[in-house]
Amino acid sequence: MREFLLSVGYDRWILPALLVIPLLGSLAVMAGGRQAEGEDEVLTGAANRPRSLATIVFAIEFVLSLGLWWAFDPAVTGWQQRFDLPWIPSWGARFTLGLDGIAMMMVLLTTFIMLLSAIGSWTSVRQKTSSYYSLLLVLTTGMLGVFMALDLFLFYAMWEVMLVPMYFIIGIWGGQRRIYASMKFFIYTMIGSLLMLVGIIYLGLAARQPHLVNGAPVMINGAMEMIPNFSYDAIMAQVQLTPQAGMWLFGAFFLAFAVKVPMFPFHTWLPDAHVEAPTAGSVVLAAIMLKLGTFGFLRLAVPLFPGAALNPTIRGIVLTLAVIGIVYGALVSLVQPDFKKLVAYSSVSHLGFVMLGIFALTVQSVQGALMVMINHALSTGALFFLIGMIYERRHTRLIAAYGGIARVVPLFSTMLLFVSLSSIGVPGTNGFVGEFLVLLGAYRTYPILAVISATSVIIAAAYMLWAVQRILFNPLDKPENEHIPDMNRRELLFMAPLVAGIIWLGVYPAPVLRRLQPAAEQFVRIVETRAAMSRVVIGVDR
């Protein structure tokens, strides 16, 4: 397969194609849609064309991206499928794309989840459907661009591109408090990203280069004109920061990514956004957009500023916040009356494991963090889909409104129980692999924090199994629950791949771990090497 893909130039055109196809699909969906204010477009049939066209575009995107599984060579160090073009020459910004093992898995995860999100929205979004699917497609380009970007200015541009569609998706198709939730999401994310922009500009100017036109330098008053250089590789190789500058810049990037993860105490936007967002919006938020924050730490914050990231005080603060988030998220989930909000708070706990794995900085803990990122997307995405299904039927997410429905909807109940077990991390499901690796790796460097974090596994079993018991297995004492329709073929269709992924990564995660291990090893090696170099520079300066 790899030879065939290379023979058609797959590695040269696939990354820009994955960015352009959703944009073209977005234009086609908008052009072919017909909207009437207040009209139920599912009932009238007006939703058929935009949702079908969007689903086809997402399917094409996913099928094309699948080639990365074979085209990517884990044994090769450095960037693969690299694509580079001038973008804004006078600013020193280039359209540079590339993948390592981490980014490759995130790209595959994104195209997979977006296809399922489109199929899962067929009956839940009933108004302004062409606008909705168009925004989903634009959102896809933004998220993929963040994972692919090897130019920091391009990274920031894509970071902002993905923010706007989600703001509208929550604000237009969300619940009763959708305006409040969308504004809170936008403000939190925007404040952090603006600080990141300041840091990116600083780094670009620190790595500045001669302005060349047709290969010749541009001269101004007898001196070469210098322009910023936002190339990730150039900044990594050339920029030498003072300890003070490194601390400030790490702080700017930390805030941008900590809000997106979200880490405790920057998490308060998340429950509102999840609860008010439409089903697919919640799925994309949990499965992909939260991972953009942890990816930012892996790609930028820690490798660019290892002296600050591994400073004992700062590292201790970050790890402490991660562990607080793990335990706090689990405890708050335990008392939630709203099932969707319960799952939202559980994300704070799960993503705390990712931050623990990254900053514990062992190969095992980093691999575990990457697996948690993937596994959380499958398990929590599946939970939000299931919550959306039952909400469409009963129009309530309150746990107390149900009880005994396993007798009425056996397929749904089986699916909910299985996915809940994977979210808890039962051995044999995907959730166990990532959290076990994180705890195993973190125990080598921070044993006390690892032991404290392990207690959340018990709390997770308590909040999830208690919720499942009250929804599925208590007495069927409410007449309105006696005639709930079970899952239909479309719902089984988009849930089946998630279940397959949960089983596959729980039973045989080796193929994924093989592709992630070189990138995890390189991340640890680069961070430790650059941190040691920064300590040497500080010693020389003194």
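Note that this is a predicted model, so its numbers are computed, not measured.

*Asks:* Help me understand the overall build of the protein, please; the structure alone is not making it clear to me.
*Replies:* Looking only at helices and strands, the protein features 21 helices and eight strands. For 542 residues, the compact-globule estimate of 2.2 N^0.38 gives 24 Å, and the C-alpha radius of gyration of the protein, at 23 Å, lies within 12% of that figure. In terms of its C-alpha atoms, the protein occupies a principal-axis envelope of roughly 85 × 55 × 50 Å. Sorting the 542 residues of the protein into buried and exposed places 59% on the buried side. For the protein, contacts bridging at least 24 residues in sequence account for 81% of all contacts bridging at least 6. Split by element, the accessible area of the protein, about 20,700 Å² in all, is 67% carbon and sulfur. Treating the 34 positive side-chain charges of the protein as one cloud and the 27 negative ones as another, the clouds have centres 3 Å apart.

*Asks:* Looking at this model, I keep getting lost on the pattern of salt bridges. Mind explaining?
*Replies:* Opposite charge on two side chains makes pairing possible when the charged atoms of those side chains draw close. Scanning the entire structure with this criterion turns up ten salt bridges. Arg82 serves as the salt-bridge partner of Asp233, at 3.4 Å between the closest nitrogen and oxygen. Here Arg82 lies in strand 1 (residues 80-88) and Asp233 lies in helix 9 (residues 232-238), a separation of 151 residues in the sequence. Judged by relative accessible area, which is 40%, Arg82 ranks as partly exposed. As a salt-bridge pair, Lys478 and Asp477 come within 3.4 Å of each other at their nearest N and O atoms. The class for Lys478 is partly exposed, based on a relative accessible area of 22%. Residue class for Asp477 comes out exposed when judged on its relative accessible area of 51%. Residues joined in a network through salt bridges with shared partners are Arg177, Lys184 and Asp272.

*Asks:* In this structure, what is going on with helix 10 (residues 243-260)? I would like to understand it.
*Replies:* In an α-helix, one turn spans 3.6 residues; hence positions three or four apart end up facing the same way. The terminal C-alpha atoms of helix 10 lie 26 Å apart, and with 18 residues this matches the ideal 26 Å at 1.5 Å per residue to within 8%. For helix 10, the full list of buried residues reads Ala245, Gly246, Leu249, Phe250, Ala252, Phe253, Phe254, Ala256, Phe257, Ala258, Val259 and Lys260.

*Asks:* Mind showing me how you'd approach empty space enclosed by the protein here?
*Replies:* A water-sized probe, rolled over the atoms, reveals where empty space remains. According to the stated counting rule, one finds six cavities of 30 Å³ or more in the structure shown. Taken as a whole, the largest cavity spans an internal volume of roughly 90 Å³. Along the walls of the largest cavity sit His350, Val372, Asn375, His376, Ser379, Thr380, Ser422, Ser423, Asn430, Gly431, Gly434 and Glu435, which together make up its complete lining. Broken down by secondary-structure element, the contributors of at least two residues to the lining of the largest cavity are helix 16 (363-394), helix 17 (410-424) and helix 18 (430-445). Per-element accounting of the lining of the largest cavity gives the leading share, five residues, to helix 16. In the lining of the largest cavity, the residues fall into one nonpolar, ten polar and one charged. Roughly 60 Å³ of volume is contained in the second largest cavity. The wall of the second largest cavity is formed by Ala330, Ser349, His350, Phe353, Ser423, Ile424, Glu435, Ser456, Val457, Ala460 and Tyr463. Where the lining of the second largest cavity is concerned, the elements lending two or more residues are helix 15 (339-360), helix 17 and helix 19 (447-473). Per-element accounting of the lining of the second largest cavity gives the leading share, four residues, to helix 19. Split into classes, the residues belonging to the lining of the second largest cavity amount to six nonpolar, four polar and one charged.

*Asks:* I would appreciate a short explanation of the packing of aromatic side chains in the present structure.
*Replies:* Two aromatic rings, taken as a pair, are described by how far apart their centres are and by the angle between their planes. Enumeration over the complete set of coordinates arrives at 28 aromatic pairs. Ring centres 6.4 Å apart and planes at 80° place the aromatic pair Trp87 and Phe95 in the edge-to-face group. Geometrically, the ring pair formed by Phe264 and Tyr328 is tilted, given 5.1 Å between the ring centres and 55° between the ring planes. Placement of Phe264 in the loop between helix 10 and helix 11 (269-276) and of Tyr328 in helix 14 (residues 312-334) is noted, with a sequence separation of 64 residues between them. Here Phe264 falls in the partly exposed class, since its relative accessible area comes to 22%. Each member of the aromatic cluster is reached from another via a ring pair, and the members are Phe155, Trp159, Phe250, Phe253, Phe254, Phe257, Phe266, Phe297, Phe305 and Phe359. In this arrangement the basic side chain of Arg515 is found over the ring face of Trp69, its NZ or CZ atom lying 3.7 Å from the centre.

*Asks:* Honestly, the layout of surface pockets in this entry has me stumped. Any pointers?
*Replies:* Within this model, the largest pocket holds a volume of roughly 790 Å³. Every residue lining the largest pocket is counted, 29 residues in all, and those nearest its centre are Ser124, Trp173, Gly174, Pro278 and Tyr391. Listed by contribution, the elements that provide at least two residues to the lining of the largest pocket are helix 7 (152-173), helix 11, helix 16 and helix 20 (489-507). Sort the elements by how many residues they give to the lining of the largest pocket and helix 16 lands first, with five residues. Here the lining of the largest pocket is built from residues that sort into eight nonpolar, ten polar and eleven charged.

*Asks:* Looking at this structure, how should I read the pairing of strand 2 (residues 93-99)?
*Replies:* Buried residues dominate strand 2, accounting for six of its seven residues. Sheet analysis places strand 1 next to strand 2, joined by six bridges and oriented antiparallel. Following the sheet pairing, Pro86 is matched in strand 2 by Arg94. Turn length for the strand 1-strand 2 hairpin, with the two strands adjacent in sequence and antiparallel, is four residues, and the turn residue Gly92 shows positive phi of about 80°.

*Asks:* Is there a simple way to explain the side chain of Arg315 in this structure?
*Replies:* Along the polypeptide, Arg315 turns up in helix 14. Comment: no salt bridge for buried Arg315; closest opposite-charge side chain is Glu528, at 6.6 Å. A distance of 3.1 Å separates the side chain of Arg315 from the backbone oxygen of Ala360, its partner in a polar contact. With sequence-adjacent residues up to four places away left out, Arg315 is seen in contact with Ala309, Leu310, Phe359, Ala360, Leu361 and Tyr446.

*Asks:* Would you explain the side chain of His350 in this entry?
*Replies:* Along the chain, His350 turns up in helix 15. Only 3.2 Å separates the side chain of His350 from the side chain of Glu435, close enough to count as a polar contact. Filtering out sequence-adjacent residues up to four positions away, His350 remains in contact with Val372, His376, Ser423, Glu435 and Tyr463.

*Asks:* Would you mind going over the packing of helix 4 (residues 48-71) against helix 6 (residues 129-148) with me for this structure?
*Replies:* For any two helices packed against each other, the geometry comes down to the angle between their axes and how far apart the axes lie. Close contact between helix 4 and helix 6 brings their axes to 8 Å; oriented N to C, the two are set at 15°. Considering the angle they form, helix 4 stands roughly parallel to helix 6. Remark: the crossing between helix 4 and helix 6 carries left-handed chirality. In contact with Pro50, Arg51, Ala54, Val57, Phe58 and Glu61 of helix 4, helix 6 contributes Thr129, Ser130, Tyr133, Leu136, Leu137, Thr140 and Leu144. For the contact of helix 4 with helix 6, the class distribution of residues is eight nonpolar, three polar and two charged.

Calculation criteria
Residues numbered from 1 in each chain as written. Predicted model: local features only at pLDDT ≥ 70, side-chain atom pairs only at ≥ 80, totals over all residues. Heavy atoms only, no water. Helix = DSSP H or I, 4+ residues; strand = E, 2+ residues; numbered from the N terminus. Rg over C-alpha atoms; globule rule 2.2 N^0.38 Å. Buried < 20%, exposed > 50% of the residue type's maximum accessible area, 1.4 Å probe, protein only. Contact = heavy atoms within 4.5 Å. Areas by Shrake-Rupley, 256 points an atom, 1.4 Å probe, with all protein chains shown as cover. Lys, Arg positive; Asp, Glu negative; His and termini not counted. Charge placed at Lys NZ, Arg CZ, Asp CG, Glu CD. Salt bridge = Lys/Arg side-chain N within 4 Å of Asp/Glu carboxyl O. Expected span 1.5 Å × (residues − 1). 1 Å grid on protein atoms, 1.4 Å probe; cavity = no way out; pocket = protein on both sides within 12 Å on 5 of 7 lines; lining within 4 Å. Points joined across faces, edges and corners; volume = space filled by probe spheres on them. Nonpolar A, V, L, I, M, F, W, Y, C, P; charged D, E, K, R; others polar. Phe/Tyr/Trp six-rings, centres within 6.5 Å; stacked < 30°, edge-to-face > 60°. Lys NZ or Arg CZ within 6 Å of the ring centre and 35° of its normal. Pairing = 2+ DSSP bridges. Polar contact = N/O pair within 3.5 Å; in protein donor to acceptor, adjacent residues only side chain to side chain. Axes fitted to C-alpha atoms, helices over the stretch in contact; angles between N-to-C directions. Parallel < 35°, antiparallel > 145°, perpendicular 65-115°, else oblique. Left-handed = near helix turned anticlockwise from the far one by under 90°.

These figures capture arrangement, not role.
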